[in-house]
Structures are given as C-alpha cells and as structure tokens.
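A closer look at the structure
Read off the chains here:
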Amino acid sequence: MKKHLVSFSLVLLFLGLAAAAQADTATGTLTVTATVNSSINLVFNTDAAGVPLASGAGTNAATLAFGNISAYGVVALNVTRTVVPGTSFTVSTPVDVLVTKANSVSANYTLKAQLGTADATNTWQVAGNTITNGPAVTITATGAYGSNVPEAIAITVPNTTASGTLISNTINFTATSN
Amino acid sequence: MKYDRSRSAVAILIGLATAVFCIGAGKPRRPSARWPAATVPQGAMSFAFVDLPSSSLLAGSGSAMGQIDLGRVSRSSPRERDRTVRTAGSGFNVSTRFGIVVTDPTNQARTASLMAWLPVPSAPLTIRIDGIRVDSVARVVCPHIPAGRITAHRIDISVPGDLTEENARVLNDIQFMLVPE
C-alpha cells in the first residue's frame, strides 16, 4: 500500500509540472506575404571629365549649367567647344548616367532621351544623337547596369543668337529594362 | 535485494520533495489534493494581433492568427501609409507595423515576453521583429509587454537585389509564443 502511495505522488508531480508549462504560454501565428517586383533606377552623376552638376547629383533630377558660352571667348573648365566659323558653335560636356537594377533578370537596358520643350533655334544632342521634343531618341539599346556611363550633352548655338540670351531646356531620359 | 534498495531510494527522494512543498502550507495535506492548486495558474495570459491607427494591413485583428499582406513591393515603391520601403544596398527593406495586446485574466498587471521563430527558413530574405532577426531558433523579440495595453511592433523584411521575379512571392509564417515574466 505504501508503494502505491509513493507512485501516485510521483505521477502527480510530473503531471503538475507539465500542466504548469503548458498553461503559462500562449502561441500565435503571423502570416506575412508580399510580392517582389523588379525595378530599375536612374540617377545622374558628375563625370570626372565633365562640368560638375549644379544640383541633383546622385538623383534623377539634376541641373547642368554650362555657364557663359561663346564661339571664341573663354568657356568653363571641362566644356569642349567646336566652332563652324561664321555659322555656329557647339559646347559639350559629359554627364554620367547610372542605371541600377533590383530583383530583375534583365541583362541590360535601353536609354532614350527627349527634349522637354521645342527649341527652334538651337540643336541639342545626347551622345551624338540629335533630340527634339518629338519622339524620344534611343541613346543606347544595350546599356550596362551598375556603372556610370558618360553621355555627352551638347548644344549647338547659331552665331545669330544675341549676346546675353539665356538657353534653357529639359532633357528627359528614360531607361527601360530589356 | 538490489531492486528493493532502489525502490527505497526513490521513495525517500519523493518523500523529501513532498515535504518541501508542504512547508508553509500550515497544515499537512495529502499530496494528491495539493499539487493542482499549487502549480496550475488561476488564469493563463494570452495575446492577440491588432491593427494600429497607422497601419491597417493586418487581417485577423483580435486573434492570435494574424495575416499581413504587404502587396506588390519593389525597390522603387513609394512610401505608403501602411508600409515603408527603403533602399538597402542593391535590394530594399519593406516594413510595416502591427499591434499586440496581451490579456491577463488575473488582472495582476503582469508583463510577458514575446518569442518568435520561423518554422520555415526565410533565406534569402531576412525578417526582423522590432529590429531582432527572426530565424528557426525561438528568441525573445518583445520583452516586458504589459497586459491590457496595445503595444506597437514593427516587422522588417530585407529583400536582396538578386532575388528575381522568378521567385518573387514572399510567404512565411512567424510563430509567436507569449511567456509570462
């Protein structure tokens, strides 16, 4: 009889501990879902051989200021000038375009450019391609992700332009993953 | 003979244990009547996921089985009311907030710790609760949660840039366990 009582106490001891362990905790589940979409990003950077961006370097909205330009006068550092005597002159400087991708299997990208507003007087070029405010022009069809690609920005100004004339426009760049 | 000695030893140990637990009880009681009253709590604490005013992505608010759908997210996703996307290296982090309310039926103003773990590995994603990485090992992510109040918590998911559209669906269960302190 005594042996039976001891055994009973033992069982109660372990049952009691087990009950305490279970009752003192509560469990729950949080299910988290999301769908990852691919994306690419374009920013402008100052090129080592170019005019420093006046603002917006490292973003997708930058400002490039050539400063005072003329056919024969002094131009700013890193501005390249070519002159067609008696007709026009062209100023040019490279700007880096950096396109990065995330969560994409795309191998490269297509870069297009378009002038923001019409310019009937001056000629605008990106990497040797004349751009207008018409359809966007393809600058490259095989752009490499993740590295700064220098794109020459050029403006050709006729000699008939009056001194002191402000030239300003917007170039819209669009990168599309291939 | 050896068998009898062993049984005697067991009987002595259990007898000591019983005596220790009976001390302080005033009157000696039969062990069978004392154990349940001494070890089973009067009311077990519980918890539930709840929406926050600043975030309403949680489904199943008010229960311990919550669901959060972060929707379609990318590195360039704009900031929204319910979720935040931040770039991180070549990838990004997406985060949202949710609430937890702990209930204590005993009304003793107790606190509890919340532990979390993943039953299924999340790699290459990284999941954090209140900044603490959650993986297959249960660990405390929210200590000292007071009962009776809604506390706000944040879940962050780090998505590496090389995770492609081909395996873009993110789905995981985060297991939580509330441990009274």
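A few points on the structure. (Residues numbered from 1 in each chain as written. Chains lettered and ligands numbered in written order. Predicted model: local features only at pLDDT ≥ 70, side-chain atom pairs only at ≥ 80, totals over all residues. Heavy atoms only, no water.)

**Some points on the sheet that holds strand S3 (residues 65-73) of chain B**
For clarity, the cut-off: By definition, two strands form a pair when at least two bridges between them are found by DSSP. Put simply, DSSP marks the helices as runs of H or I at least four residues long and the strands as runs of E at least two long, and each gets a number from the N terminus on.
A sheet is described by the order of its strands in space; here 6 strands give the open sequence S2(B)-S3(B)-S1(A)-S11(B)-S6(B)-S9(B), paired in mixed fashion. This sheet does not close on itself; its edge strands, each paired only once, are strand S2 (58-59) and strand S9 (139-146) of chain B. Pairing between S2 of chain B and S3 of chain B: 2 bridges, direction antiparallel. Residue pairing across strands places Ala59 of chain B opposite Gln67 of chain B, the latter belonging to S3 of chain B.

**Some points on the packing of aromatic side chains**
All names here are of chain A. Note the following rule: Here a pair means two rings of Phe, Tyr or Trp (six-membered ring of Trp) with centres within 6.5 Å. Their orientation is stacked below 30 degrees between planes, edge-to-face above 60, and tilted elsewhere. Relative accessibility under 20% of the residue-type maximum defines a buried residue, over 50% an exposed one, and the middle range a partly exposed one, all with a 1.4 Å probe and only protein chains included.
Under the criterion given, the structure shown has 6 aromatic pairs over all chains. Aromatic side chains Tyr109 and Tyr145 sit 5.4 Å apart centroid to centroid with 50 degrees between the ring planes, which places their arrangement in the tilted category. Here Tyr109 is found in strand S5 (residues 109-115), whereas its partner Tyr145 is found in the loop between strand S8 (137-143) and strand S9 (148-158), with 36 residues between them in sequence. The exposure class of Tyr109 is buried, given its relative accessible area of 0%.

**Overview of the pattern of salt bridges**
All names here are of chain B. As a reminder, the rule being used: Each reported salt bridge corresponds to a side-chain nitrogen of Lys or Arg within 4 Å of a carboxyl oxygen of Asp or Glu.
A full pass over the atoms with the stated rule returns 5 salt bridges over all chains. With its nearest N and O atoms 3.5 Å apart, the salt bridge here joins Glu80 to Arg83. A residue is classified by how much of its surface remains accessible, and Glu80, at 38% relative accessible area, is partly exposed. Since its relative accessible area comes to 8%, Arg83 is described here as buried.

The analysis is restricted to geometry; functional conclusions fall outside its scope.
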